[in-house]
Amino acid sequence: MVLDPGHDLRANLETEPIGPGSATRKIKDGGGTTGVVSGLREAELNLRVALQLRPLLERAGVRVVMTRATTTRTSMGNVARARIANRADAALFLRIHADGSTDRSVRGTHTLYPARRSGWTDDVYAQSRRAAGIVQRAVRRALGFPDRGLQERSDFTGFNWSDVPVVLVELGFLSNPVEDRLLATPTYQRRAAVGLCRGTLRHLGRPLVACG
């Protein structure tokens, strides 16, 4: 499978097609959000969680490819991330993110998956939707944040270019002081990794014992 810790050290404001053959273009990476209290950058949180998740999955016998293992460069963009997953023929392309809002009271965990579009996502829609539900339940249970449910998205470049099942988990809101403080701690980063591990292994039909 492929773990994709969202963003990187620097945003990438170049554009790329939103889907194969599309004239609609989006910026490659807006850079992510930052903790309103902790000052922790989303890119770093995403990577910390992914680096804890990888050995848990490997202990369960899952081969793991990561789109990045450091936070040191300009983001590669979402087409490149999807192509990594496609080349790996990933059983699941798991994208790890945290959210932000102009309303500091907004909080909770939610999971996104691709809307069905012929020629782009129709081949991965059903498995992505199934995975999203399983992963959302596991992560919400692990973190204890409010359940914001599932969202279909047709406007995510990383979804539209993916030829393998793909979900994007928004662990919580770094714009919310409560969730920001918690997600900045090693305890909650571990909880996030364990929840993602359980959801992933459940989707793959493997025993959950490796997740701890």
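Reading guide: rules and limits
Sequence order as written defines residue numbering, which begins from 1 separately in each chain. Only residues with pLDDT of at least 70 are given local features in this predicted model, and only at 80 or more are side-chain atom pairs given and counted; all residues enter the totals for whole chains, interfaces and linings. Side-chain figures throughout are based on the complete set of non-hydrogen atoms in the structure, without hydrogens or water. Simply put, an axis is a line fit to the C-alpha atoms, just over the touching stretch for a helix, and the angle between two N-to-C directions goes from 0 to 180 degrees. Helix and strand labels come from DSSP, where a helix needs a run of H or I of at least four residues and a strand needs a run of E of at least two; each type is numbered from the N terminus. Here the angle decides the label: under 35 degrees means roughly parallel, over 145 means roughly antiparallel, 65 to 115 means roughly perpendicular, and every other value means oblique. By definition, turning the near helix anticlockwise from the far helix through less than a right angle yields a left-handed crossing, and turning it clockwise yields a right-handed one. Here a residue-residue contact requires only that any non-hydrogen atoms of the pair lie within 4.5 Å. Ten residue types, Ala, Val, Leu, Ile, Met, Phe, Trp, Tyr, Cys and Pro, are classed as nonpolar, four, Asp, Glu, Lys and Arg, as charged, and the remainder, Gly among them, as polar. Aromatic rings from Phe, Tyr and Trp, with only the six-membered ring used for Trp, were paired whenever their centres fell within 6.5 Å, and each pair was classed as stacked if the ring planes differed by under 30 degrees, edge-to-face if by over 60, and tilted otherwise. Exposure is judged per residue with a 1.4 Å probe applied to protein chains only, and the accessible area is read against the type maximum: over 50% gives exposed, under 20% gives buried, and values in between give partly exposed. Throughout this description, the term charge over a ring refers to an Arg CZ or Lys NZ atom that lies within 6 Å of the ring centre and within 35 degrees of the ring normal. Side-chain atoms within 4.5 Å link the members of a nonpolar core, which is a set of buried Ala, Val, Leu, Ile, Met, Phe, Trp, Tyr and Cys residues. Given the number of residues in a helix, its expected span is that number minus one, multiplied by 1.5 Å. Two strands pair if DSSP finds at least two bridges between them.

**Student:** What's the story with the packing of helix 1 (residues 42-59) against helix 6 (residues 186-204) in this structure? I'm lost.
**Tutor:** Running from N to C, helix 1 and helix 6 point in directions that differ by 50°, and their axes come no closer than 8 Å. For the element pair helix 1 / helix 6, the angle class is oblique. Crossing of helix 1 against helix 6: the hand is right-handed. Contacts between helix 1 and helix 6 involve Leu45, Arg48, Val49, Gln52, Leu53, Leu56 and Leu57 on the former and, on the latter, Pro186, Gln189, Arg190, Ala192, Ala193, Val194, Leu196, Cys197, Thr200 and Leu201. For the contact of helix 1 with helix 6, the class distribution of residues is twelve nonpolar, three polar and two charged.

**Student:** Looking at this structure, I do not really get unusual backbone geometry. What am I missing?
**Tutor:** Across the chain, the bulk of peptide bonds are trans and the bulk of non-glycine residues have phi less than zero. The phi angle at His7 is positive, at roughly 70°, despite the residue not being glycine. With respect to the helices and strands, the residue His7 is situated in the loop between strand 1 (2-5) and strand 2 (12-17).

**Student:** Honestly, the packing of aromatic side chains in this entry has me stumped. Any pointers?
**Tutor:** The description of an aromatic ring pair uses the distance of the two centres, along with the angle that the planes make with each other. Enumeration according to the criterion identifies three aromatic pairs in this entry. For the pair Phe145 and Tyr188, a centre-to-centre distance of 6.0 Å together with 10° between the ring planes defines the contact as stacked. A residue pair is termed long-range when its members are at least 10 positions apart, and Phe145 in the loop between helix 3 (125-143) and strand 7 (147-153) and Tyr188 in helix 6 qualify at 43 residues. The same class applies to Phe145 as to Tyr188, namely buried. Here Phe156 and Phe159 contribute two aromatic rings whose centre-to-centre distance is 5.2 Å and whose plane-to-plane angle is 40°, an arrangement assigned as tilted. Both residues of the pair, Phe156 and Phe159, belong to the buried class. Here the basic side chain of Arg117 rests over the ring of Trp120, its NZ or CZ set 3.7 Å away from the ring centre. A cation over a ring is seen here: Arg191 above Tyr188, with NZ or CZ 4.4 Å from the ring centre.

**Student:** Help me understand the nonpolar core, please; the structure alone is not making it clear to me.
**Tutor:** The nonpolar side chains of soluble globular proteins are, as a tendency, buried together. Formed by 38 residues in total, the largest nonpolar core has its most connected members in Leu53, Leu57, Leu94, Leu171 and Leu196. At the level of elements, helix 1, strand 5 (93-99), helix 3, strand 8 (166-173) and helix 6 are the ones that each hand at least two residues to this core. Setting aside anything within four residues of it in sequence, one finds Leu94 in contact with Met1, Val2, Leu3, Asp4, Leu53, Val167, Val169, Leu196 and Thr200. Counting residues in hydrophobic clusters, the runner-up holds 16 residues, among them Met76, Val79, Phe159 and Val166.

**Student:** It is not clear to me how helix 1 should be interpreted in this structure. Could you clarify?
**Tutor:** Residue pairs three or four apart in sequence face the same way in an α-helix, which turns once every 3.6 residues. Between the first and last C-alpha of helix 1 there are 26 Å, a value that for 18 residues agrees with the 26 Å anticipated at 1.5 Å per step. Listed in full, the buried residues belonging to helix 1 are Glu42, Ala43, Leu45, Asn46, Leu47, Val49, Ala50, Leu53, Leu56 and Leu57. Against the buried residues of helix 1 lie strand 1, strand 4 (65-66), strand 5, strand 8, helix 5 (177-183) and helix 6. Positive phi appears at Gly61, one or two residues downstream of helix 1, with a value of about 90°.

**Student:** Looking at this structure, I do not really get the side chain of Thr157. What am I missing?
**Tutor:** Along the polypeptide, Thr157 turns up in helix 4 (residues 157-160). Once residues within four sequence positions are removed from consideration, Thr157 is found in contact with Glu16, Pro17, Ile18, Lys26, Asn78 and Val79.

**Student:** Explanation requested: the environment of Gly149 in the structure shown.
**Tutor:** Note on placement: Gly149 falls in strand 7. With 39 residues separating them along the chain, Gly149 and His110 place their C-alpha atoms 5.1 Å apart. Ignoring anything within four residues of it in the chain, the contact list for Gly149 reads Thr109, His110, Thr111 and Gln136.

**Student:** So what exactly am I meant to see when it comes to the sheet that holds strand 6 (residues 109-114) here?
**Tutor:** To summarise the sheet geometry, strands pair through backbone hydrogen bonds and adopt either a parallel or an antiparallel arrangement. The mixed open sheet is built from six strands, whose spatial order is 4-1-5-8-6-7. With partners counted over all chains shown, the strands left at the sheet margins are strand 4 and strand 7, one partner each. Both strand 1 and strand 4 contribute to a ladder of two bridges, which runs parallel. Bridge pairing in strand 4 places Leu3 opposite Met66. Strands in contact with helix 2 (residues 78-88) are strand 1, strand 4 and strand 5; relative to strand 1, the strand with the most contacts, it is inclined by about 165°.

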